[in-house]
Amino acid sequence: MWTAEYPDTPEDPSLIRHWYADGDEVWARFLAYAGEQPVGFTVAHHPPWELADDGYVWIETGIVPEHRTPVNLDLLYAFGKERAKESGGRVGIAEVRADDPIHLAVVADRGYQEDRRQRFWELDLVAARKRLEELATVSRQRMVEQGIVVTTLAADPHPDKYRQTYAMSSEAELDVPSTKTMVPPSFERVQEWLDSPAVHQDRFWIARAGDEVTGLSTLEYPVERGIVGTAWTAVGRDHRGRGIARALKLATLIQAIELGVDRVRTDNDSQNAPILHLNEELGYRIVLEVLSLNRQL
């Protein structure tokens, strides 16, 4: 249904299935039917309140084009609002594409107001190949000069590499611009993510300085359909400003080129200045923006 609604951003069923299995979230998921046919959905989800009692609940809806009217979208949001309130939610979050006037009008009429904006970027790996290879050579040399090893998680021999990577990633996640309380996933959840069909440990890049993991970057590869995209790039607080994020992102891009990928996507909060600047330098172009809108429930 999501893919039918937005065919330019196809969703991979295996990734959706893995996301909905997230045990670190509290879920309420519903389908809307026209006769015997499922034509829409409403999902309300939030972290457990004992971890983040800020009252924020995501209310997500989708509906196939032939039933996509303002009235139907509004009904889905009305249903989602009640489910969010039942679970103890106090503030609803709706995420809507900036190029979707029907959806934006519905949430505006419901009292949602823009809080944040996420930018989605795309990089043409075919056109940019030569320049990316040149940048990667320079970046690798800079890492060597600083004594930083860039390698894959699969190739890293350290016996505690998973815990080290998790600790660094959790620290970095707390610094992502956000209105809601940031709750990094549990170690067990990260291990499940590493075992998902879209993440490959031989394509999961980390930076190591001696006994310390200083950064990571990896792409997700859709199984059934979709566009290859950055899953997560992070650098530990004590190691920022050393070019590590650039080296890691370039490592993922060069590997993607070697695997025959023609384009990749990434997304970032519009207030995350360092990563936005890096995207521009690497040649990404903005393809869409998604608004995060809030309202009291």
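Placed above this text is the structure.
Calculation rules
- Residues numbered from 1 in each chain as written.
- Predicted model: local features only at pLDDT ≥ 70, side-chain atom pairs only at ≥ 80, totals over all residues.
- Heavy atoms only, no water.
- Buried < 20%, exposed > 50% of the residue type's maximum accessible area, 1.4 Å probe, protein only.
- Helix = DSSP H or I, 4+ residues; strand = E, 2+ residues; numbered from the N terminus.
- Arc of directions from axis to C-beta.
- Contact = heavy atoms within 4.5 Å.
- Polar contact = N/O pair within 3.5 Å; in protein donor to acceptor, adjacent residues only side chain to side chain.
- 1 Å grid on protein atoms, 1.4 Å probe; cavity = no way out; pocket = protein on both sides within 12 Å on 5 of 7 lines; lining within 4 Å.
- Points joined across faces, edges and corners; volume = space filled by probe spheres on them.
- Nonpolar A, V, L, I, M, F, W, Y, C, P; charged D, E, K, R; others polar.
- Pairing = 2+ DSSP bridges.
- Right-handed = clockwise from strand over helix to strand, strands pointing away.
- Phe/Tyr/Trp six-rings, centres within 6.5 Å; stacked < 30°, edge-to-face > 60°.
- Patch = residues over 30% accessible without salt bridge, like charges linked within 9 Å, V, L, I, M, F, W, Y side chains within 5 Å.
- Areas by Shrake-Rupley, 256 points an atom, 1.4 Å probe, with all protein chains shown as cover.
- Salt bridge = Lys/Arg side-chain N within 4 Å of Asp/Glu carboxyl O.
- Lys, Arg positive; Asp, Glu negative; His and termini not counted.
- Charge placed at Lys NZ, Arg CZ, Asp CG, Glu CD.

Asker: Got a sec to walk through helix α7 (residues 187-194)? Specific residues and values, please.
Answerer: Along α7, the residues that are buried comprise Phe187, Arg189, Val190, Trp193 and Leu194. Buried residues of α7 fall within an arc of 160 degrees about the axis and therefore sit on the same side.

Asker: Just give me the short version of helix α4 (residues 101-109), but keep the residues and values in it.
Answerer: Along an α-helix, residues three or four apart share an orientation, since each turn contains 3.6 residues. When α4 is considered as a whole, its buried residues turn out to be His103, Val106 and Val107. Here the buried residues of α4 occupy an arc of 90 degrees about the axis, which is enough to place them on one side. Counted as exposed and oriented over 90 degrees from the buried face of α4: Pro101 and Asp109. Those residues of α4 that are buried lie in contact with β3 (56-63), α3 (70-86), β4 (91-97) and β11 (285-296).

Asker: Can you lay out the side chain of Asp100 for me, pointing to particular residues and giving the numbers?
Answerer: Considering the arrangement of structural elements, one finds Asp100 in the loop between β4 and α4. Side-chain polar atoms of Asp100 contact the side chain of Arg68, separated by 2.4 Å. Ignoring any residue separated from it by four or fewer positions in sequence, one finds Asp100 in contact with Tyr6 and Arg68.

Asker: An account of the layout of surface pockets is needed here, citing residue identities and associated values.
Answerer: Each pocket or cavity is described by its volume, and for the second largest pocket that value is around 330 Å³. In terms of lining, the second largest pocket is formed by 15 residues, of which the most central are Met1, Trp2, Ile16, Tyr20 and Phe41. For the lining of the second largest pocket, the secondary structure elements donating two or more residues are α1 (2-5), α2 (13-20), β1 (26-34) and β2 (37-46). With four residues, α2 is the single largest residue contributor to the lining of the second largest pocket. For the lining of the second largest pocket, the residue count by class is nine nonpolar, one polar and five charged.

Asker: Give me the pairing of β3: which residues, what numbers.
Answerer: Counting buried positions along β3 yields eight of eight residues, so the element is predominantly enclosed. As judged from the six bridges shared by β2 and β3, these two strands associate in the antiparallel manner. Opposite Gly40, over in β3, you have Ile63 as the bridge partner. As judged from the three bridges shared by β3 and β4, these two strands associate in the parallel manner. If you follow Tyr56 over to β4, its bridge partner there is Val91. In this view, the connection linking β3 to its parallel neighbour β4 by way of α3 has right-handed handedness.

Asker: Mind laying out the packing of aromatic side chains, listing which residues take part and the relevant values?
Answerer: Here the structure, examined in full by the defined rule, presents nine aromatic pairs. Seen in terms of ring centroids, Trp2 and Phe41 are 5.2 Å apart; in terms of plane orientation they differ by 70 degrees. Their pairing is edge-to-face. Taken together, the residues span a long stretch of sequence, with Trp2 in helix α1 and Phe41 in strand β2 at a distance of 39 residues. Exposure remark for Phe41: the relative accessible area of 8% places this residue in the buried category. Residues Trp193 and Phe204 carry aromatic rings whose centres are separated by 5.9 Å and whose planes lie at 70 degrees to one another, so their mutual orientation is edge-to-face. Within this pair, whereas Trp193 is found in helix α7, its partner Phe204 is found in strand β7 (residues 204-209), the two being separated by eleven residues in sequence.

Asker: Explain a negative patch on the surface residue by residue, including any values.
Answerer: A contiguous patch of negative charge, built from Asp160, Asp211, Glu212 and Asp238, is present on the exposed surface. Positionally, Asp211 belongs in the loop between β7 and β8 (212-220).

These figures capture arrangement, not role.
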